[in-house]
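Examining the three-dimensional arrangement
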Amino acid sequence: MSEKKAVIAKQIVTCDKNSSIYKNAVLEIAGNKITSIKNIDYFDKSSFDGNVYNFPNLTLVPGFIQTHIHLCQTLFRGLADDLLLLDWLKLKIFPMENALDKESMRASVQLGISELLLGGTTTILDMGSLRHHQIVFEELIRSGMRAFSGKCLIDINDLYPDFKSDTKDTLKEINELADSFHGSNNEKIKYSFSPRFVLSCTEKLMRDSKEMMRDFHGSIYHTHASENKEEIKEVRNKFGKENIDYLNSLNLLDDETILAHCVHLNESEKSQIKNTQTRIAHCPSSNLKLGSGIAKIPEYLKDGISVSLGADGAPCNNNLSIFNEMKLAALIHKPFYGPHSMDAETVFRLATIEGAKALHLQDDIGSIEIGKKADLVLINLNKSDKPVSEENVYSDIVYSASSSDVEFVMIDGIPVIENKRCKIFDEEKIIASAKEELQKLLKRI
Ligand code: GUN
Ligand code: FE
């Protein structure tokens, strides 16, 4: 029989179709699945034959989902500030990623996962780096996180020519990685195919990786697109097309493709994204810090385009906090579209159920419903910097909460954060190891 657990909470914000909220409620779990949600009055603690997690003052929400992350860049936080995208890549990020070895990759990934879990993110779509991708999977599996990840694909690189790999070798390697890891760790790990961006890939690598993806059911094609005006100009110079036109001409746009950013789209490009049901990962903190611009998210949503949220990598935000992304997603569009645009509930849904839909995981995660997987986050909203009115829980979370308010996190029915401490990684140890590995890495450049 599967192990039983119960979580008692002050309220459960389900994010289901009706946006149901249960006050003074109990959620029961068997194995990795939610089996019931009921009022505390109907729960007999003394006869329950499982672990009871008692949080009568905390708010229970679905695990947060971030659809654009670079775990391999966490080590570089604070080392690449105040630059535009192409200089940021050429002068800082590509040289540092090129210098990653197995140990520094492990340190970077551990640091990133630890920050994400502590902040209530339970599922990510990770872009990966050029080398040592096995390490990313090893640490994701150890952490218990739900994740899509894949070696990032670069077989041309005019910005930093040392940082690329041979097309044929790359295709062979990603096939082996996908064979080994897709569906691993009780289906929590999925392989995603990750061309870095149009400027870093031959047409063959882009097409063949998309073709290969068909052998791995439930996979995702993940790339950056139309983030920065200079990037778009380069794409135009190289391929004679707008970025999205080019991707579409290679048949790469469909409902299994997630494009990070999409800051600068013309009307025709927007229509192509809508008509192909391509997903957009909105990364507001990254778009502001790299000076890329502000994506027209309220218009994309009005058109029915799938939008979800991601922090991007640590050197472009400089935190992997879903709370920062939610708050910015809610705020940055208001000066142009008005204060009613991007209300708190809409934004909260982008960080939960819309992320799940983008990844085709909406039957399993993204909301708290019977039959879904127990990916759960408990937040403390009883603090002096939170509204005392308790009028609107979405507002309390989106406008007032932060990662430090997360107290407990469960993934697939297993607690990963308890009492604000990561159960898997020892924070002091991973910070010490990250500092050491970063110094060694910088000497290698
Ligand atoms: N475009 C290509 N690579 C990257 C990256 O690492 N970060 C961001 N923000 N954009 C990119
Ligand atoms: Fe990115």
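Figured I'd write up the structure that's included with this text.

Conventions used here
Residues numbered from 1 in each chain as written. Chains lettered and ligands numbered in written order. Predicted model: local features only at pLDDT ≥ 70, side-chain atom pairs only at ≥ 80, totals over all residues. Heavy atoms only, no water. Core = buried A, V, L, I, M, F, W, Y, C linked by side-chain atoms within 4.5 Å. Buried < 20%, exposed > 50% of the residue type's maximum accessible area, 1.4 Å probe, protein only. Helix = DSSP H or I, 4+ residues; strand = E, 2+ residues; numbered from the N terminus. Domains from an automatic or database assignment. Phe/Tyr/Trp six-rings, centres within 6.5 Å; stacked < 30°, edge-to-face > 60°. Pairing = 2+ DSSP bridges. Right-handed = clockwise from strand over helix to strand, strands pointing away. Donors = N, O, S within 2.8 Å, 3.2 Å for Na, K, Ca; no water. Tetrahedral: all angles 85-135°; square planar, octahedral: opposite > 155°, others 65-115°. Salt bridge = Lys/Arg side-chain N within 4 Å of Asp/Glu carboxyl O. Arc of directions from axis to C-beta. Contact = heavy atoms within 4.5 Å. Polar contact = N/O pair within 3.5 Å; in protein donor to acceptor, adjacent residues only side chain to side chain.

The next thing to look at is the nonpolar core. One finds Leu140, Met326 and Phe348 to be the most contacted residues of the largest nonpolar core, which totals 113 residues. Among the elements that take part in this core, helix 2 (residues 102–118) stands out by supplying eight residues, more than any other. Counting residues domain by domain, this core receives three or more from each of domain 1 (4–62 + 376–411) and domain 2 (64–358).

Moving on to helix 3 (residues 133–143). Listing the buried residues of helix 3 in full gives His133, Ile135, Val136, Phe137, Glu139, Leu140 and Ser143. Glycine 144 lies just past helix 3 and shows a positive phi near 85 degrees.

Attention now moves to the packing of aromatic side chains. Counted according to the given criterion, the structure contains 13 aromatic pairs. Each ring, one from phenylalanine 137 and one from phenylalanine 181, has its centre 4.4 Å from the other, and the planes form 15 degrees; the classification is stacked. Placement of the pair is phenylalanine 137 in helix 3 and phenylalanine 181 in helix 4 (residues 167–181), with a sequence separation of 44 residues. A residue is classified by how much of its surface remains accessible, and phenylalanine 181, at 10% relative accessible area, is buried.

Turning our eyes to something else, we now look at the pairing of strand 12 (residues 279–282). Neither face of strand 12 is exposed, since Arg279 and Ala281 on one face and Ile280 and His282 on the opposite face are all buried. Here strand 11 (residues 257–261) runs beside strand 12; their pairing, made up of three bridges, is parallel. Bridge pairing links alanine 260 to alanine 281 in strand 12. Read from strand 11 through helix 8 (residues 267–276) to strand 12, the crossover connection turns out right-handed. Judged from the three bridges that link them, strand 12 and strand 13 (residues 307–309) form a sheet pairing that is parallel. Residue alanine 281 lies in a different strand from strand 13, and its bridge partner there is serine 308.

Taken together, His68 (NE2), His70 (NE2), His224 (NE2) and Asp312 (OD) make up the protein donors of the iron ion (ligand 2), found 2.1 to 2.2 Å from the metal. Of note is the iron ion (ligand 2), whose four donor atoms meet at the metal with angles of 90 to 174 degrees in an arrangement that counts as irregular. Each donor residue of the iron ion (ligand 2) lies on one chain, and together they are spaced H-x1-H-x153-H-x87-D. Residue histidine 70 is located in strand 5 (residues 64–70), and its partner histidine 224 is located in strand 10 (residues 220–225); the two are separated by 154 residues in the primary sequence. Each member of the pair, histidine 70 as well as histidine 224, is classed as buried.

Before going further, it helps to examine the pattern of salt bridges. One pass over the full model with this rule turns up 32 salt bridges. Here lysine 372 ties to glutamate 369 by a salt bridge, and the two come within 3.7 Å at their closest N and O atoms. Several salt bridges converge on common partners, so that one network encompasses Arg106, Glu138, Glu139 and Arg142.

Glu231, Ile232 and Val235 are the residues of helix 6 (residues 229–239) that are buried. Down the axis of helix 6, the smallest arc covering the buried residues is 100 degrees, so these residues share one side. Structural note: helix 6 exposes Lys229 and Asn237 on the side pointing more than 90 degrees away from its buried face. Among the structural elements, helix 1 (85–98), strand 10 and helix 7 (243–249) are those in contact with the buried residues of helix 6. Sitting at the head of helix 6, asparagine 228 places a side-chain oxygen 2.7 Å from the backbone nitrogen of glutamate 230. Count one or two residues on from helix 6 and you reach glycine 240, which has phi positive near 70 degrees.

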